[in-house]
Amino acid sequence: MSARWLAQPLVHFVAIGGLLFALDRLAQHEQAEPAITITPERIAELREDWLARAGRLPSAAELEALVEREVDEELLLREARRLGFQRSDPLVRRRLVQNMRFVSSDDGGDPDTLLSQALALGMDRKDLVVRRRLVQKMELGAFAAARTREPSEPELREFLARHPERFSEPARVRLSHVYLSRDRRGDELDAASRRLLARLADGHPSPERAPALGDPFLAGHDLPLLSERELAKLFGADFARAALGLAPGAWRGPLASSYGRHLVWVHGRSAARPSSLDSVRGEVREALLAERGEAALRELLRRLRARAAVHLARPRAGAADAPPPGPSAAKG
Amino acid sequence: MRAPRAISAGGAVAWLALAGAAAGGERPYPTSEEREPCAAYAPLRSPYFGDLHVHTTFSQDASTQGTRNRPRDAYRFARGERLGIQPYDGDAALRSLKLERPLDFAAVTDHAELMGETRICETPGLPGHDSLSCWIYRNYPRVSFFLMNANSSRPGATRHGFCGPDGVHCREAALPPWREIQAAAEGAYDRSSACRFTTFVAYEWTGGTLFSNLHRNVIFRNERVPELPTGTFEASHPEDLWRALRADCLEGGEGCDAIIIPHNSNLSAGLMFQTVDSDGNPLTAEQARVRAELERLVEVMQHKGDSECRLGAGTTDELCGFEKLSFENFSGKFVPFLAREPGAQNFVRWALTEGLVQRQALGANPFKFGLLASTDTHLGTPGAVREDRHPGHGGAGPSAAKELPKGLPDDLEFNPGGLAVLWAEENTRDALFEAMRRREVYGTSGPRISVRFFAGWSYPRRLCISPSFVETGYAQGVPMGGDLPPLPQAPGAAPPAPRLALWALRDPGTPDRPGTKLERLQIVKGWVEQGEHREAVYDVAAGPHGAGADSLCRVWVDPDFDSDAPAFYYARVLEIPTPRWSALVCDARGVDCANPQSVPPELEPCCDPRHRRTIHERAWTSPIWYTPGTQSAQSAAP
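Note that this is a predicted model, so its numbers are computed, not measured. Just so you know, the residues in each chain are numbered from 1, in the order the chain's sequence is written. Chains carry letters from A onward and ligands carry numbers from 1 onward, assigned in written order. With pLDDT at 70 or above as the cut-off, local features in this predicted model cover only qualifying residues; side-chain atom pairs require 80 or more to be listed or tallied, and sums for whole chains, interfaces and linings still use all residues.

Our next topic: the overall build of chain A. Each helix corresponds to a stretch of at least 4 residues labelled H or I by DSSP, and each strand to a stretch of at least 2 residues labelled E; elements are numbered beginning at the N terminus. What chain A contains, in helices and strands, is 14 helices and eight strands. Any residue surrounded by 20 or more other C-beta atoms within 10 Å of its C-beta is treated as buried, while 12 or fewer makes it exposed and the intermediate range makes it partly exposed; C-beta atoms here are placed from the backbone. Burial status across chain A gives 28% buried among its 332 residues. The long-range share in chain A, meaning contacts at least 24 apart out of those at least 6 apart in sequence, stands at 70%. By the convention adopted here, residues make contact when the C-beta atoms placed from their backbones lie within 7 Å.

Turning our eyes to something else, we now look at the overall build of chain B. Counting secondary structure elements, chain B contains 14 helices and 25 strands. The dimensions of chain B, computed from C-alpha atoms along their principal axes, are 80 × 65 × 50 Å. Relative to its 638 residues, chain B shows a buried fraction of 54%. For chain B, long-range pairs separated by at least 24 residues make up 74% of all intrachain contacts whose partners lie at least 6 apart in sequence.

Looking now at the nonpolar core. In this usage, the nonpolar core is the set of buried Ala, Val, Leu, Ile, Met, Phe, Trp, Tyr and Cys residues whose C-beta atoms join them within 7 Å. B:Ile219, B:Leu422, B:Val441, B:Leu502 and B:Ala504 are the most contacted members of the largest nonpolar core, which has 139 residues in total. At eight residues, the largest contribution of residues to this core is made by helix H7 (residues 168–188) of chain B. Setting aside anything within four residues of it in sequence, one finds B:Ala504 in contact with B:Ile449, B:Ser450, B:Val451, B:Leu518, B:Leu521, B:Leu552 and B:Val573. In this structure, A:Ala232, A:Leu234, A:Ala243 and A:Leu255 belong to the second largest nonpolar core, which totals 32 residues.

Glancing now at the confidence of the model for chain A. Mean pLDDT over chain A stands at 80; residues scoring 70 or higher make up 82%. Per-residue confidence from the predictor is reported as pLDDT, which spans 0 to 100. Confidence over residues 316–332 of chain A falls short of pLDDT 50; this stretch has 17 contacts with residues more than four positions distant or in other chains.

With that out of the way, let us pick up the pairing of strand S1 (residues 46–51) of chain B. Here is the key point about a regular strand: its side chains alternate between the two faces of the sheet. All names here are of chain B. Of all the six residues making up S1, six are buried; the element is thus mostly covered by neighbouring parts of the structure. Both faces of S1 are covered, namely the face carrying Ser46, Tyr48 and Gly50 and the face carrying Pro47, Phe49 and Asp51. A strand pair is defined by DSSP finding two or more bridges across the two strands. The pairing of S1 with strand S13 (residues 419–424) spans five bridges and is antiparallel. Bridge pairing in S13 places tyrosine 48 opposite leucine 422. Relative to strand S4 (residues 105–108), S1 runs parallel, the two sharing two bridges. Each residue of the ladder has a partner; that of aspartate 51, found in S4, is alanine 106.

For the rest of this paragraph, the subject is the sheet that holds strand S4 (residues 226–227) of chain A. Residues and elements named next belong to chain A. Reading across from one edge, S4-S3-S6-S5 is the order of the four strands in this open sheet, with antiparallel pairing throughout. Looking at strand neighbours, the two that pair on one side only are S4 and strand S5 (251–257), the edges of this open sheet. With axes taken as lines fitted to C-alpha atoms, and helix axes fitted only over the stretch in contact, angles between N-to-C directions fall between 0 and 180 degrees. The strands touched by helix H13 (residues 237–244) within the sheet are strand S3 (172–181), S5 and strand S6 (260–270), with S5 carrying the most contacts at an inclination of about 160°.

Moving on, we come to the packing of helix H5 (residues 90–104) of chain A against helix H6 (residues 111–120) of chain A. Residues and elements named next belong to chain A. The interhelical angle for the contact between H5 and H6, taken along N-to-C directions, is 85°, at an axis separation of 8 Å. Between H5 and H6, the interaxial angle falls into the category roughly perpendicular. Along the contact surface, H5 presents Arg93, Leu96, Val97, Asn99, Met100 and Arg101, while H6 presents Pro111, Leu114, Leu115, Gln117 and Ala118. Classifying every residue of the contact of H5 with H6 by side-chain character gives seven nonpolar, two polar and two charged. An angle counts as roughly parallel when it lies under 35 degrees, as roughly antiparallel when it exceeds 145, as roughly perpendicular when it falls between 65 and 115, and as oblique in every other case. Charged residues are taken to be Asp, Glu, Lys and Arg, nonpolar residues to be Ala, Val, Leu, Ile, Met, Phe, Trp, Tyr, Cys and Pro, and polar residues to be all remaining types, Gly included.

Right, let's get into the packing of helix H9 (residues 153–162) of chain A against helix H14 (residues 277–306) of chain A. A pair of packed helices can be characterised by two numbers: the angle between their axes and the separation between those axes. All names here are of chain A. Their axes nearest at 10 Å, the elements H9 and H14 cross at an angle of 90°. In terms of axis orientation, H9 runs roughly perpendicular to H14. Residues Glu155, Leu156, Arg157, Phe159 and Leu160 of H9 touch H14, and the partners they reach there are Leu277, Arg281, Val284, Arg285, Ala287 and Leu288. Split by residue class, the contact of H9 with H14 holds seven nonpolar, no polar and four charged.

Now for the interface of chain A and chain B. The interface is formed by 34 residues belonging to chain A together with 39 residues belonging to chain B. Elements with a contribution of two residues or more to the side of chain A that touches chain B: helix H2 (40–54), H5, S3, helix H10 (182–185), helix H12 (228–235), H13 and H14 of chain A. At six residues, the largest contribution of residues to the side of chain A that touches chain B is made by H14(A). Grouping the constituent residues of the side of chain A that touches chain B by class yields 15 nonpolar, eight polar and 11 charged.

Residue and element names in this part refer to chain B. Reading across the sheet, the three strands line up as S11-S10-S12 and stay open at both edges, with mixed pairing between neighbours. Two strands close off the open sheet at either side, each with one partner strand: strand S11 (305–306) and strand S12 (370–373). In terms of strand pairing, strand S10 (residues 297–302) meets S12 through four bridges, oriented parallel. Considered in S12, the bridge of valine 298 is made with leucine 371.

Residue and element names in this part refer to chain A. Within H12, six of the eight residues are buried, which leaves the element mostly enclosed by the surrounding structure. Every buried residue of H12 is listed here: Glu230, Leu231, Ala232, Lys233, Leu234 and Phe235. For H12, the elements touching its buried residues are S4, H13 and S5. One or two positions beyond H12, positive phi appears at glycine 236, with a value near 105°.

The following block contains the structure:
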């Protein structure tokens, strides 16, 4: 006998309503939590820590980020404690029990009792290792949850459409070139390349035969359709950028490469275009899951912030003790 | 086995026909996967630069050094994104690196061993997490590094007790990292026609005796790979690894294919290229054949030094004095009185020559290696080879897990490592894998030098000024990694000598940092005379008056050719010497060895008499082999 009443919309309505009510009560209850306060003293500490590790004071933007991070950590820490991770996580348990044994100089003692004592002393909030572990557990949990659901076809398509810059076929040119070697031509290089360009501009010989007038080039003289990056591998970055901007159908240049000068004939171009989903499915899936992980963590933090009051002693921009951002503050 | 295909003068025509077919989607090499063909398909092949030796946080010797980067991060870095590295302040990395030129391909090669152990020790709640071994791992990472590696690298090793009966917990715990490694490779592999980047699923088999490395990287052709990587717990000896790979992949797995790349023979205490098997019996023809089939390439240089040759160990070649370690295995590094000068048998040149001897005896050459280099980074930063930005390497060097080392960022004898370069038609897994299989590959100590190397009997001497160097190279001979075609028979005439066509182009550099000019080209020849090893090094081209050149080319005819002696030839391309990473750091810190007061204790290595202030950056091509008498010339041409 199947419980058909479970499929009734009214039952769903009541169940969901009840759930929302409960959540609302819960949220109101939690708003009674003490506010998160980042004091000026704490901000000074953050600056000192940064100075000690990085060898310079943080810029205003870096300090702002440190403070925001401090708030996030506190929020995640509170949530981890609310979920009881300070009791359930084995690493945290052992650390706290060890701490208690050390403090009380007592090697014996029941671990559960010691744990309760450590928690009563607030060690789970003070011990740096425990704090980090609890925060990390929250973050990894958010990432992992976001990866469990396989992205659907429409989601992959939507992601691809949203990131044309990451998933597109680059513009390409197909070119032939006449090479003049710096090794061989020395000081004559520029004059020789201009003379040869003038000769080629007359249309003699044909583009196919022209490369024989110059020097041999290891990668050849008639190249396949290449992108700027692929051209840069063969000729250097400056040549690649210039070659991609050349108009087709005539000898142009001379363009400088890492190896000398080149007279270039562009045969054709292919414009940049979006990739098909099938060709980049693996990359898109990976990028989408990574984005979801980040989004899940941001969403978690947003929810936590929404129900906690945060009081910041904002670092004052331009204050006398705030260093100017940039390299002038750098040391060592 | 593929059928041998003889090359003939008509080869160029057949080859061009194949190239034409390729434009229509057909490829002149076997394909094993579905993907778009590359827009930049080059029938005459292009050099692709990459790194086939990369560790991430899944390697215990990287994670105990504070490395947090995962396989995904390593691939992001190889593709040109900025990546944070240790030390960390909370979640914020205090250092970062970026490649100004992305790589074309990379393979993350985390250790197959300890993948599960590392995960158990780091993941509360997994069985074994609370064991003593894991406690040591978390609290004394350097001690754990020694204990765990000493245990896993000895033959007949069994897993730690915390792995449970038959190591079941550790094997299960290794599944998620191995799956993540595969997912990361898939996620970073560009299957579109843009072909920006190729990844390989791979791992390192970390066998050896106590502290003497017999390490090998296993590179898979495509996404079809065994359920778990085969480590030393499952396969103690190289023979066991070959057996397992054949059973689980080459013969057992549908579409599965793999090659093995041994590395760091300089740290093998002479064991990497033994002519006996692991039981001490002389190699059999079958063992030599299996090894030649699987171990196609060798890593000639990386972070932990050069393995080509050693001055004074069977050679007077002065350029062998390059990035040398003063010990032959890791017990020599950590316990100085155990250090022994490495003998000739640790080096690839010796192995290539011994391979000729073994082939005469067995009919198969167990040491028929193509040459490449890689980094062996333990920071998850493939291709970070710049001397002026060497951040250390994690792994065996000083730790930056908690804070930066006060002195040099790495041990004096280590270096940033090199690159692997593969000649392929396009940047796909199949095309690159085929390049590795036919050994049309070379290594560099970091710079992006391009080098072509062909051998035949009839190349015109003026080939270097011909516009068809490469076409003629393939049509009338074989590229690097191949076998010379049979000696042409001309009745009554003296046999000809091999002609080697060699052309190198310097690194094109970047706008802010031009590549270094080339100093000279060399041919290294090894041969066997009455069972004795012989070698000669010839300077075959040089820039004007030591000023260096953009491009050097030569068609060289062996003046000492003996048609009865088996031989190999490989090329070495040398840049003009440039400052070494250590000298750059020492100078930047104001060290003046003439003034002892300028030398704080932590920078004393700067003034070590063994410190070389310059590095002679270089490329090594794969050899081309000559075998007298009848031979099955397996063409390496397309």
